[in-house]
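# Descriptive analysis of the structure
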Amino acid sequence: MFSTSLNPQRINQSSLRSEIHDLQPQLVEWRRWLHQRPELAFNEHLSAEFITQKLQQWGIKHQTGIAETGIVAIVEGENPGKAIGIRADMDALPIFEENEIPYRSQHPGRMHACGHDGHVAIALGTVYYLSQHPEQFSGTVKFIFQPAEEGPGGAKPMIEAGVLENPAVDAIIGLHLWNNLPLGTVGVRSGPLMAATEFFRCHIQGKGGHGAMPHQTVDSILVAAQIVQALQTIVARNVNPLESAVVTVGELHAGKALNVIADSAHLSGTVRYFNPELGETIPKRIEQIIAGVCHSHGASYELDYQKLYPPVINHPAIAQLVRSVSENVVETPAGIVPECQTMGGEDMSFFLQEVPGCYFFLGGANLSQNLAYPHHHPRFNFDETALSIGVEIFVRCVEQFCS
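Residues numbered from 1 in each chain as written. Predicted model: local features only at pLDDT ≥ 70, side-chain atom pairs only at ≥ 80, totals over all residues. Heavy atoms only, no water.

## A short note on the packing of aromatic side chains
The tally for this structure, following the rule as stated, stands at eight aromatic pairs. Both rings, one in W33 and one in F50, keep their centres 4.5 Å apart while their planes meet at 15°; by these two values the pair is stacked. Here W33 is found in helix α1 (residues 18-36), whereas its partner F50 is found in helix α2 (residues 45-58), with 17 residues between them in sequence. Here W33 falls in the partly exposed class, since its relative accessible area comes to 27%. On the numbers, 6.4 Å between centres and 50° between planes, the contact of F380 with F382 is tilted. Grouping residues by exposure puts F380 and F382 together as buried. These aromatic residues form a ring-pair network of at least three members: W30, W58 and Y128. The aromatic ring of F401 is capped on one face by K82, whose charged end is 4.2 Å from the ring centroid. (Phe/Tyr/Trp six-rings, centres within 6.5 Å; stacked < 30°, edge-to-face > 60°. Helix = DSSP H or I, 4+ residues; strand = E, 2+ residues; numbered from the N terminus. Buried < 20%, exposed > 50% of the residue type's maximum accessible area, 1.4 Å probe, protein only. Lys NZ or Arg CZ within 6 Å of the ring centre and 35° of its normal.)

Below, the structure is given as structure tokens:
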């Protein structure tokens, strides 16, 4: 049983205006429709069509087909003023859903296991409410429905297509439904919130031979093992201990027989950090270590290093805007969680590199309803009560920023 009623113990009832409270059943309906039809990166055609139909129905100016499936909608206030962007990602994940719910995925092997269906529903609710109340704000609100957050990334191509221009966006906000926080809480902080996301793949070429005659070989497994161990010294000895970073080797493949020394090995991993300066230090040290270990054993290597997303870094003023608004929506002080950093990555970071902004977490876990599975889990789900809370926070941010 999944409740869609608001929880008075965690939310200030008076903070949710009646029209947004009344939107809750509609928000749930939109979210569940999207949940049943998950689509992968740059293939969010059904989702885009659904969003477009709503925008047309409400008479909202919009543009489609940006970065394949992206959409930008414009809602204008009663008077001229500043412009604020609101971003919502649309894509799902290649996961088989295990939830036994009426609205489970109808696309086998695909699932909204990260809450993006909720992000779209919240953004649509905000579009609808603001379009009905242009007198409550000045300026322009630009809604950015973005494809491919889960990879390879839709934010950058949307920016390159000019979504932050005409009119130029003065600030941008976005949220992530977050099952690491309970319903009725908001995770918001200035500065780094989420880490850079980078990947590396390395092919090590040695010389194979008989397992009983190692002196005739260059053992690629031994080389790979030493590289894996040595890579852990980067965070331990090259990163300031007051900062956070991760170098993880997640794959290591070599060999096919127990009495054969493998001639090659393949390893790959991920790098995470908050401080942008480490974006030069860590890749450089990874290659130095790989080159040094290979040279000492007479092996060769090929390294492919890819920078996917930079760190998500919130602007202090916009983070304070979100925090001050949220303090009037959820219970305080327990409802505001400032220390909510994660080594997960997000391509909202590209928007935040272009204009001042804030990305924040909206608690969606509810243990009493078994709605607390982690993101990217086949049983991920969240308490849908969070949907109307998200709309209220977005609307209040617009009203404050565009007043």
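## So, the UniProt feature "domain: Peptidase M20 dimerisation" (unreviewed entry) in the protein chain
The UniProt entry lists residues 200-291 under the feature "domain: Peptidase M20 dimerisation" (unreviewed entry), expressed in the numbering used here. In the segment residues 200-291, helix accounts for 36% and strand for 33%; the C-alpha atoms at its two ends are 14 Å apart. (UniProt positions renumbered as here; feature names shortened; annotations may be inferred.)

## Quick notes on the domain arrangement of the protein chain
Assigned domains within the protein chain: domain 1 (18-194 + 312-402) and domain 2 (196-309). Taking the mean C-alpha position of each, domain 1 and domain 2 sit 37 Å from one another. Across the boundary between the two partners, domain 1 contributes 19 residues, which contact eleven residues of domain 2. Overall, the association of domain 1 and domain 2 removes approximately 930 Å² of surface from exposure, summing both partners, and the carbon and sulfur fraction of that is 69%. The interface formed by domain 1 and domain 2 contains four residue pairs in polar contact (both at pLDDT 80 or more). For the side of domain 1 that touches domain 2, the secondary-structure elements that each account for two or more residues are β7 (191-194) and α8 (348-354). (Domains from an automatic or database assignment. Contact = heavy atoms within 4.5 Å. Buried area = accessible area lost by both parts, 1.4 Å probe. Polar contact = N/O pair within 3.5 Å; in protein donor to acceptor, adjacent residues only side chain to side chain.)

## Describing the packing of helix α3 (residues 116-132) against helix α9 (residues 386-401)
Where α3 contacts α9, the two axes come as close as 9 Å, and the packing angle between them is 50°. If you check the angle between α3 and α9, you find them oblique. As α3 runs across α9, the sense of the crossing is right-handed. When α3 is examined against α9, the residues G118, A121, I122, G125, T126, Y129 and L130 are found in contact with a partner set consisting of A386, L387, G390, V391, F394, V395, V398 and E399. Taken together, the residues that form the contact of α3 with α9 break down as ten nonpolar, four polar and one charged. (Axes fitted to C-alpha atoms, helices over the stretch in contact; angles between N-to-C directions. Parallel < 35°, antiparallel > 145°, perpendicular 65-115°, else oblique. Left-handed = near helix turned anticlockwise from the far one by under 90°. Nonpolar A, V, L, I, M, F, W, Y, C, P; charged D, E, K, R; others polar.)

## A short note on unusual backbone geometry
Note that the residue after G151, namely P152, is joined by a cis bond; omega there is 5°. By the element assignment, P152 lies in the loop between β4 (138-146) and α4 (155-160). Unusually for a residue other than glycine, A67 sits at a positive phi of about 50°. Here A67 is to be found in the loop between β1 (61-66) and β2 (70-76).

## What to know about the environment of A230
With respect to the helices and strands, A230 occurs in helix α5 (residues 220-238). A relative accessible area of 22% means that A230 is categorised as partly exposed. Each C-alpha atom of the pair A230 and V293 lies 8.7 Å from the other, and the pair is 63 residues apart in sequence.

## Here we look at the sheet that holds strand β8 (residues 197-205)
Within the open sheet, the four strands sit side by side as β10-β12-β8-β13. Their pairing is antiparallel. Of all strands in the sheet, those with a lone pairing partner are β10 (245-254) and β13 (300-309), marking the two edges. Across the sheet, the mean angle from the axis of one strand to that of its neighbour is 15°, orientation sign disregarded. Bridging between β8 and β13 involves nine bridges; their strand directions are antiparallel. Directly across from C202, in β13, lies its bridge partner L303. (Pairing = 2+ DSSP bridges.)

## Focus on the side chain of S268
Relative to the helices and strands, S268 is located in strand β12 (residues 264-273). Exposure remark for S268: the relative accessible area of 9% places this residue in the buried category. A polar contact is formed between the side chain of S268 and the side chain of E251, at a distance of 2.4 Å. In this structure, S268 is in contact with F200, R201, T248, V249, G250 and E251, ignoring residues within four places of it in sequence.

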